[in-house]
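A closer look at the structure
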Amino acid sequence: MCGIVGYIGKKQAAPIILDGLARLEYRGYDSAGMAIFDGERINIKKSVGRLKILENLTHDGKMMPGLLGIGHTRWATHGAPNNENSHPHFNEDETIAVVHNGIIENYLALRKKMTDKGYHFRSETDTEVLAHLLDYYYKGNPLEAITKVLHRVSGSYALGIMFADHPDEIFAVRKDSPLIVGQNEDGCFIASDVPAILKYTRTVTYVENQEIVRLREDHMHFYTVDEEEIAKTPVTIDWDANAAEKGGYEHFMLKEMYEQPKTVSDTISPRLKGNEIVIEELNMSDDEIRAIKKIHIVACGSAYHTGVTAKYVMEGLARIPVEVDVASEFRYRNPILEEGALVIVISQSGETADSLAALRESKARGFKVLGIVNVVGSSIAREADNVMYTWAGPEIAVATTKAYSAQLVALYLLAIKFAQVKETIDEIEFDGMLEDLKRLPDQIELLLNNKQRIQRFANRYIGAKDVFFIGRGIDYAISLEGSLKLKEISYIHSEAYAAGELKHGTISLIEEGTLVAAVSTQPALYQKTISNMVEVKARGAFVLAVTCEGNKEIEKAADYVIYIPETNAYFANSLAIIPLQLFGYYVAVGKGCDVDKPRNLAKSVTVE
Ligand code: AGP
């Protein structure tokens with residue numbers, strides 16, 4: 001996510017802003033910039049890459065004197081990481097500067113409107129539209145201009161704004177993207193998150209949705225979008241600086257697990273227009289979709305596990321044959337790609353060497369590649385023919401959670417879209433699935449907020465030596481990810497098995513007290529999975545079951561049951577994985593493992 005810092009007060013603004021942006025680096029970014037008012041005009045400096053480059057460019061801010069300013073670290077969403085697209089953005093006569101975190105969903109229409117009115121754009125960003133809109137509505141009253149603009153934009157935004165002819169104030173605005181303000185004896189501050197200003201003040205005010213803050217050297221005023229002044233109550237932050245980067249969570253992994261409702265919603269909502277699924281970035285006509293004869297999904301690790309899920313969902317809904325490969329196998333097995341094949345490469349980082357190689361191999365053979373990627377401007381995103389971004393924001397923990405969940409719903413959207421175009425589902429099924437998709441964020445949040453049972457259960461298995469995850473169909477795909485989550489952060493050996501396959505050898509490993517997690521979310525397979533649970537129990541296993549509310553029969557075969565809310569069976573992975581993520585996390589925490597940076601692992605495996 002982008003980072004915003006602003007300051008107005010008695011001290012030089014640039015060094016304070018640079019220091020604040022440095023404390024937001026954990027949010028992930030690809031460029032940075034600052035706008036400082038020097039007493040006569042607003043000066044902007046930007047740079048691509050690490051913040052150090054901007055620090056060097058401005059001699060740690062000394063080259064940009066002034067007592068007020070706004071700064072930004074950009075996590076690219078609209079437009080590649082380059083100088084023109086970096087923030088802050090100016091209006092044409094450089095008298096208004098804006099920094100933005102979020103997505104303006106109607107920016108294309110607004111951009112056209114401003115272009116038609118004679119405005120010229122320097123960048124590809126949605127943010128620059130705001131600078132020109134402010135210019136258009138500005139008649140000398142900043143608050144009036146800001147509120148007029150807010151009534152015309154839709155989407156999410158945290159904004160820092162400054163006006164050259166109002167050098168005694170800066171403005172902050174918030175809708176959905178987090179923003180705080182603070183004050184000390186030297187001035188007032190804007191920040192995307194607490195760590196940026198904790199060094200200067202522990203008294204902060206959280207800006208709520210549709211609120212505007214006018215900050216002056218020694219006071220702040222809060223307004224609604226109707227320009228009504230409101231009173232706000234500051235809070236005192238008692239976190240230490242390190243904890244603050246994690247938003248008060250103990251680990252980034254836990255913080256990112258709790259971000260899953262938002263990342264799932266952020267990945268779904270821009271692609272739902274009314275009651276239609278619109279995936280513009282797919283760049284495929286209905287005829288081209290109908291012409292797809294086979295889908296090859298290629299990925300690594302957890303991304304591969306979403307691919308295994310997608311096989312069941314896409315074949316079940318759209319009746320298109322799907323083949324799923326780990327990228328390191330695909331690239332060397334001389335795969336058979338035939339006319340009508342669509343290759344989908346899934347990658348959070350967009351830099352995984354094997355997945356990138358698989359993409360290049362497919363393109364070299366003349367096949368179109370769709371990337372499902374989280375990092376804008378990454379290698380896989382740049383080299384794929386089309387990219388469907390998962391708007392999960394930067395994922396810091398090595399063990400993926402929120403990106404995994406975002407990948408799942410991106411794949412669901414594709415499968416439902418394909419099925420609708422191929423008419424393998426009817427309108428009632430389509431509408432029902434959209435409703436189920438929209439419910440997922442709240443259901444995920446419910447599971448996260450009721451984590452106590454799985455947390456207590458996890459504490460019983462800190463000393464476990466072997467844990468098995470079993471399931472059939474989509475439940476097997478869920479088992480793959482549940483097993484990986486446990487082993488990669490707790491270092492406990494674990495295997496995932498197709499439940500029907502266990503008796504073909506591995507069941508010999510089941511001993512008295514061996515934990516077997518049985519995933520059973522597919523009603524058509526409930527009975528089959530219960531039989532497998534009975535098999536392992538007969539050999540001494542302790543069976544944890546993860547199943548849907550209402551499946552009471554499973555309690556006869558399980559020793560411990562975690563229920564997930566009802567949803568479409570095709571989407572069950574999005575819910576069943578939550579208790580399994582929590583299980584792995586709390587076992588690892590109980591063992592004192594380095595949850596965010598597990599041994600031997602890298603966040604992005606850029607080597608073979
Ligand atoms: C998942 O928790 C792991 N960190 C790992 O398996 C990861 O999913 C895999 O390396 C693929 O990474 P990518 O999505 O960035 O390509």
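Up top is the structure.
Below: a short report on this structure. Please read all numbers here as calculations on a predicted model, not as lab measurements.

This brings us to the site of the ligand. Taken together, 14 residues lie around the ligand, and Ser 347, Gln 348, Ser 349, Thr 352 and Glu 488 are the ones closest in. Contacts to the ligand include Ser 349, whose side-chain N or O atom sits 2.7 Å from an oxygen atom. Contact distances for the ligand include 2.5 Å between an oxygen atom and a side-chain N or O atom of Thr 352. Computed on the free molecule, the ligand has an accessible area of 410 Å², of which 90% lies beneath the protein chains in the complex. Where the shell around the ligand is concerned, the elements lending two or more residues are helix H10 (301-318) and helix H17 (474-490). Its residues assigned to classes, the shell around the ligand comprises 5 nonpolar, 7 polar and 2 charged.

It is worth spelling out a negative patch on the surface at this point. A contiguous patch of negative charge, built from Glu 276, Asp 426, Glu 427 and Glu 429, is present on the exposed surface. Take Glu 429: it is sitting in helix H15 (residues 427-449).

Quick look at the side chain of Thr 352 now. By the element assignment, Thr 352 lies in the loop between strand S20 (341-347) and helix H12 (353-364). Note on Thr 352: relative accessible area 14%, which makes it buried. Separated by 3.4 Å, the side chains of Thr 352 and Ser 349 make a polar contact. Residues contacting Thr 352, with those up to four places away along its chain left out, are Cys 300, Ser 347, Ile 380, Ser 604 and Val 605.

Turning to the packing of H15 against helix H19 (residues 573-590), a few remarks are in order. Across the interface, H15 lies against H19 with an axial gap of 9 Å and an inter-helix angle of 25°. With respect to H19, the axis of H15 lies roughly parallel. The interaxial crossing formed by H15 with H19 has right-handed handedness. Listed contacts from H19 to Leu 440, Gln 443, Ile 444, Leu 447 and Leu 448 of H15 are Ser 574, Leu 575, Ile 578 and Leu 582. For the contact of H15 with H19, the class distribution of residues is 7 nonpolar, 2 polar and no charged.

If you look at the biggest cluster of nonpolar residues, it comprises 121 residues, and the most contacted ones within it are Ile 295, Ile 344, Leu 414, Ile 416, Phe 418 and Phe 583. With 13 residues, helix H14 (residues 402-421) is the single largest residue contributor to this core. In contact with Phe 583, other than residues within four places in its own chain, are Ile 454, Phe 457, Ala 458, Tyr 461, Phe 469, Leu 486 and Leu 515. Within the second largest apolar cluster, 30 residues are counted, among which are Ile 96, Phe 121, Val 149 and Leu 159.

A word on unusual backbone geometry. Of note, the amide linkage connecting His 87 to Pro 88 takes the cis form, showing an omega dihedral of 5°. Along the chain, Pro 88 falls in the loop between strand S4 (68-74) and strand S5 (89-90). In the Ramachandran plot, Glu 94 falls in the positive-phi region, its phi being about 60° despite a non-glycine side chain. Mapping Glu 94 onto the fold places it in the loop between S5 and strand S6 (96-104). What makes Glu 94 partly exposed here is its relative accessible area of 28%.

Tallied over the entire structure, the rule returns 34 salt bridges. Two residues, Arg 41 and Glu 94, come together in a salt bridge whose shortest N-O distance is 3.1 Å. With Arg 41 in the loop between strand S2 (31-37) and strand S3 (42-48) and Glu 94 in the loop between S5 and S6, the pair connects residues that are 53 residues apart, well separated along the chain. With relative accessibility at 36%, the residue Arg 41 sits in the partly exposed group. Across the salt bridge formed by Glu 259 and Lys 255, the nearest N and O atoms sit 3.1 Å from each other. In this structure, Glu 259 and Lys 255 share a single accessibility class: buried. Where salt bridges share partners, they join Asp 168, Glu 169, Arg 214 and Arg 216 into one cluster.

The strand order S3-S2-S4-S1-S10-S9-S11-S15 describes an open sheet built from 8 strands, whose pairing is antiparallel. If you trace the sheet from one side to the other, it starts and ends with S3 and strand S15 (235-236), each paired once. As defined by bridge partners, strand S1 (residues 3-9) adjoins strand S10 (residues 187-191) across 5 bridges and the pair is classed as antiparallel. Within S10, the residue paired with Val 5 across the bridge is Ala 191. Sheet strands touched by helix H1 (residues 13-22): S1, S2, S4 and S10. Its angle to S1, the strand with the most contacts, is close to 155°.

Here the focus is the side chain of Thr 306. Summarising the element assignment, Thr 306 is placed in helix H10. Accessibility expressed as a relative area gives 0% for Thr 306, which makes it buried. Setting aside its immediate chain neighbours within four residues, Thr 306 contacts Ile 346, Tyr 404, Gln 407, Leu 408 and Leu 411.

Criteria and thresholds
Residues numbered from 1 in each chain as written. Predicted model: local features only at pLDDT ≥ 70, side-chain atom pairs only at ≥ 80, totals over all residues. Heavy atoms only, no water. Near = heavy atom within 4 Å. Polar contact = N/O pair within 3.5 Å; in protein donor to acceptor, adjacent residues only side chain to side chain. Areas by Shrake-Rupley, 256 points an atom, 1.4 Å probe, with all protein chains shown as cover. Helix = DSSP H or I, 4+ residues; strand = E, 2+ residues; numbered from the N terminus. Nonpolar A, V, L, I, M, F, W, Y, C, P; charged D, E, K, R; others polar. Patch = residues over 30% accessible without salt bridge, like charges linked within 9 Å, V, L, I, M, F, W, Y side chains within 5 Å. Salt bridge = Lys/Arg side-chain N within 4 Å of Asp/Glu carboxyl O. Lys, Arg positive; Asp, Glu negative; His and termini not counted. Charge placed at Lys NZ, Arg CZ, Asp CG, Glu CD. Buried < 20%, exposed > 50% of the residue type's maximum accessible area, 1.4 Å probe, protein only. Contact = heavy atoms within 4.5 Å. Axes fitted to C-alpha atoms, helices over the stretch in contact; angles between N-to-C directions. Parallel < 35°, antiparallel > 145°, perpendicular 65-115°, else oblique. Left-handed = near helix turned anticlockwise from the far one by under 90°. Core = buried A, V, L, I, M, F, W, Y, C linked by side-chain atoms within 4.5 Å. Pairing = 2+ DSSP bridges.

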